[in-house]
Amino acid sequence: MLSSCSSMEAATVEIGKTKLDSGWLAARSTEVELTGTQLTTTHSPTGPTAPWMEAVVPGTVLATLVKNKVVPDPFYGMQNESILDIADSGREHYTFWFFTTFQCKLMGNQHLDLNFRGINYSAEVYLNGHKMILPKGMFRRHSLDVTSILHPDGQNLLAVLVHPPDHPGRIPPEGGQGGDHEIGKDVATQYVQGWDWIIPTRDRNTGIWDEVSVSMTGPVRIIDPHLVSSFFDNYKRVYLHATTELENRSADFAECSINIQVSTELEGNVCLVEQLQAQHLSISPRARVQYTFPQLFFYKPNLWWPNGMGKQALYHVTISVEVKGYGESDQWTHLFGFRKIESHIDSATGGRLFKVNGQPIFIRGGNWILSDGLLRLSAKRYRTDIKFHADMNFNMIRCWGGGLTERPEFYHYCDIYGLLVWEEFWITGDVDGRGIPVSNPDGPLDHDLFMLCARDTVKLLRNHASLALWVGGNEQVPPKDINAALKNDLKLHPYFETANEASKSLIDPSLSTKDPSLYLDGTRLYIQGSMWDGFANGMGDFTDGPYEIQYPESFFKDDFYNYGFNPEVGSVGMPVAATIRATMPPEGWQIPLFKKLPDGYTEEVPNPIWTYHKYIPYSKPSRVHDQIELYGAPKDLDDFCLKAQLVNYIQYRALLEGWTSRMWSKYTGVLIWKNQNPWTGLRGQFYDHLLDQTAGFFGCRCAAEPIHVQLNLATYSIEVVNTTSDTLSNVAVEASVWDLEGTSPYYKVFDKLNISPKKTVPIAEMNYPKSKNPKPVYFLLLKLYNMSDYSIFSRNFYWLHLSGGNYKLLEPYRKKKIPLKITSEVSIRGSAYEIEMHVKNTSKKSDSKNSTYMNNFIKRDVEGDFDMPSLEYHSLQGGGNQGKLDTGLLGRMASYFSRREDGHQSKVSTTNGTDVGVAFFLHFSVHATKTDREVGEDTRILPVHYSDNYFSLVPGEVMRVKISFEAPRGVSPRVTLGGWNYHSSHTVVH
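Reference entry: report on the structure contained in this document. (Residues numbered from 1 in each chain as written. Predicted model: local features only at pLDDT ≥ 70, side-chain atom pairs only at ≥ 80, totals over all residues. Heavy atoms only, no water.)

Counted by the stated rule, this structure contains 64 aromatic pairs. When the ring of Phe-920 is compared with that of Phe-921, the centres are 5.8 Å apart and the planes differ by 40°; the resulting orientation is tilted. Of the two residues, Phe-920 and Phe-921, both sit in the buried class. Here the basic side chain of Arg-352 rests over the ring of Phe-535, its NZ or CZ set 6.0 Å away from the ring centre. Over the ring of Tyr-798 we find Arg-653, and its NZ or CZ is 3.9 Å from the ring centre. (Phe/Tyr/Trp six-rings, centres within 6.5 Å; stacked < 30°, edge-to-face > 60°. Buried < 20%, exposed > 50% of the residue type's maximum accessible area, 1.4 Å probe, protein only. Lys NZ or Arg CZ within 6 Å of the ring centre and 35° of its normal.)

Structural data, given as structure tokens:
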């Protein structure tokens, strides 16, 4: 039986899901005089004519208004101040109609569901004149059986009236964390009333903010399957447990064959089926049943590992149901990773220690709010976000409780790139019992609604390998009854309990009375709050932070932070000058006033726009001298932002190196506050809202390498960090000091080293600058390499000054002209570019005693080197056409690389110079080629992935940098190279 169901732009499908993500219109409810029945029968809007406008779905009302220029961009300058806040306008101002159409005809015993994955905050739905109610709650799914109300001719009219949160609250004049905290009475995002890192969101995120779809099934549908894996015999013997709900919507008994298939992709179109099982089941009319499959056995399956520990092996699990007399009725597909995550409070540090597949993992990651403050969420943006985190060598993301519980697309890419996720429910200290003024300690008014949303969220996300733990709230525990309910609902299956499990882990779950897939989750720990039970001081006291600039050496000192796992530690986050110009009017381009205080410290006084964008200064009067001034007084915006990047790099590299220096002896992990901003903020970010990285991004990438060589800035001891499970044998550390004249007054090799797994090992104390006549400013290059072939494990470049000094001698060093040779290899596939740069400092031939100058880095087999189009989110979700993979992964890889050669180009360029020395702080950027460019116009192509950036080269040294990006249609890209010694960017690829 064939049938069709499509939105205005969707493809025709058979059984499966069709997204309704285009062709939407919106209008303010007070400007529409028609009823929902009229809109979906006799008086439907025909296009974007007043009061109707093109709508952003998924998205918010404010996103729609910005798209149509009804209001200005709230993230630009201080334009948010000109947008009416819901507290002043009333809720009606942001109550909106959304309208679309879709084509659908059913045949025989087929059914159609209309699905809303997220509405904020409640809605009335009209389809072909029939009214339905979507109850309150931002974090709950709604599925409506609309089979009986579809239009006979297939043309279906859909209108949705969306109402804002019930308690949008007011914004006190002094601002504050969560405004007046009224939003906490609802089950919704809390950041929308403003925080110390974001301005208030005027509509409080009202809208159809998540996916809308229609799904077609036969008489029986599959609901919320749950997959669990259990491990025995040192992970050799593995079982997959699966339970699903099934609903028979017909008036007859359904004789079903329910099937589960587990497969992996091989070369070409070959799909290796690891397991295939079929079971018979009879379901009564109109009945909903739960079915548990007999457990599936696997011997030595490929395991899923976090970023830096191994490969992210993922299997395709497909559950389908066939009904006698009908055929395939429904299908569900999900990527699944075999892995076991456990944790306990470490006796040595007091911090929570995580293990994956039995191996301890030192956590280095950061905090996440959400991708975009107007909820303009997309799989494409998520892919960039998550790959950026993997590029920084992070292994965990904490989803902060005042933001979103993240979407399946977010988790999909965390599965792909190996990011563990700490997911928090919708409680924050400031809004739910603490804060100024003191907020309501009882949480939302409707506790049953909170728990309904929590249980639904668990069902939505629980099959993702990357999901590591559930946490009740940020800096607060939920109210007692909610906390108790969460503890009960999220209790662990006995197999996953983690109190000295050496003996328990040998117990076969088949001996347990209840299959683990019958639990709501059962595999992940629930922690009641972000500062409890192994996080911060473990007792809920405010012992996270700090959140401002530090001296780099402070991170290494004994008294810096006294607890084993810090869930939040933050600092500065100034973006590059181009981002400031792109997101602020000229009055926002003024750099801070540096005000000298009587005690010798500096107070930075930013312009009002920077203050509005929550700027964190690079000084802390009475505690930390201004770190930008160490390089000399900044002259203008470009100079200020470049010097800020120098500080960003040092600050965040030192933060992570300081924590890693005490791996297992003092610390078990650290999460930086925070990784990015969901708007154009000026604090706590490694890449800005436009998706351009700061130098801090690459400082983190350096420091968080799985194998790393570093300088302890407190003791000046060279240390080697090995977070892997392998011993490093017969390796060496090369330390070379370079001065501003281009000579090397110190060179030393520490050879024949063996570094044990999971260890930070001190190698030797640096004799320089203790030697005679040390230079006031100097460069230090450390390399950890394999003695057998001089291949590099880790390279780390420092710029340093003597104690009590500064970097002002680097200012005249900018005048040095250091010659470079840049060889580029360009591969083009459609609009996708991959460029490999070989950059050589040609100011001096490489030293014959130095065999590491080529920087041939060891390629570890856990690292990815390309983007995998087969793992795009849309190709893996749902049943029907969208769930069927057209070609094999390895086949696509082969064709991908063969096609690249069709657009292959190569080029050699040079920069002139006669000076000898370090080519300092080099950075690439990618721009659109424009002949009619306006002054100050932002020509950057974003996002761009760099294997490294903001790097430096000593004389004779070569660095390979890989660059990948997509160019907009019709745009010719050019790649430029700038740096401390290079004031105007040099075009190296055009």
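From this point on, the discussion continues.
Below, the discussion takes up the environment of Asn-856. Tracing the backbone shows Asn-856 in the loop between strand S40 (832-841) and helix H13 (889-900). When the C-alpha atoms of Asn-856 and Tyr-790 are compared, they prove to be 7.7 Å apart, with 66 residues separating the residues in sequence. Apart from the residues lying within four places of it in its own chain, the contact partners of Asn-856 are Ser-791 and Ile-792. (Helix = DSSP H or I, 4+ residues; strand = E, 2+ residues; numbered from the N terminus. Contact = heavy atoms within 4.5 Å.)

This brings us to the packing of helix H6 (residues 447-461) against helix H7 (residues 480-489). Between two packed helices, the angle of one axis relative to the other and the distance separating the axes together describe the packing. Two numbers describe how H6 lies on H7: the axes approach to 10 Å, and their chain directions differ by 25°. As the angle between them shows, H6 and H7 are arranged roughly parallel. Note that H6 runs across H7; the crossing there is right-handed. Where H6 approaches H7, its residues His-447, Phe-450, Met-451, Ala-454 and Arg-455 are matched on the opposing element by Asp-481, Ile-482, Ala-485, Leu-486 and Asp-489. Partitioned by chemical class, the residues of the contact of H6 with H7 number six nonpolar, one polar and three charged. (Axes fitted to C-alpha atoms, helices over the stretch in contact; angles between N-to-C directions. Parallel < 35°, antiparallel > 145°, perpendicular 65-115°, else oblique. Left-handed = near helix turned anticlockwise from the far one by under 90°. Nonpolar A, V, L, I, M, F, W, Y, C, P; charged D, E, K, R; others polar.)

What follows deals with the pattern of salt bridges. Scanning the entire structure with this criterion turns up 48 salt bridges. Between Asp-224 and Arg-141 there is a salt bridge, and its shortest N-O distance comes to 3.1 Å. With Asp-224 in strand S12 (residues 220-232) and Arg-141 in the loop between strand S8 (130-134) and strand S9 (142-145), this residue pair connects regions lying 83 residues apart in the sequence. On the basis of relative accessibility, which here comes to 25%, the residue Arg-141 falls in the partly exposed class. In this structure, Lys-643 engages Asp-639 in a salt bridge whose closest nitrogen and oxygen atoms are separated by 3.1 Å. Of this pair, Lys-643 and Asp-639 both sit in helix H10 (residues 637-661), four residues apart, which is roughly one turn of that helix. A single burial state applies to Lys-643 and to Asp-639, both of which are buried. Overlapping salt bridges, with partners in common, bring together Lys-17, Lys-19, Arg-117, Asp-210, Glu-211, Arg-407 and Glu-409 in one network. (Salt bridge = Lys/Arg side-chain N within 4 Å of Asp/Glu carboxyl O.)

That's the geometry; what it means functionally is another story.
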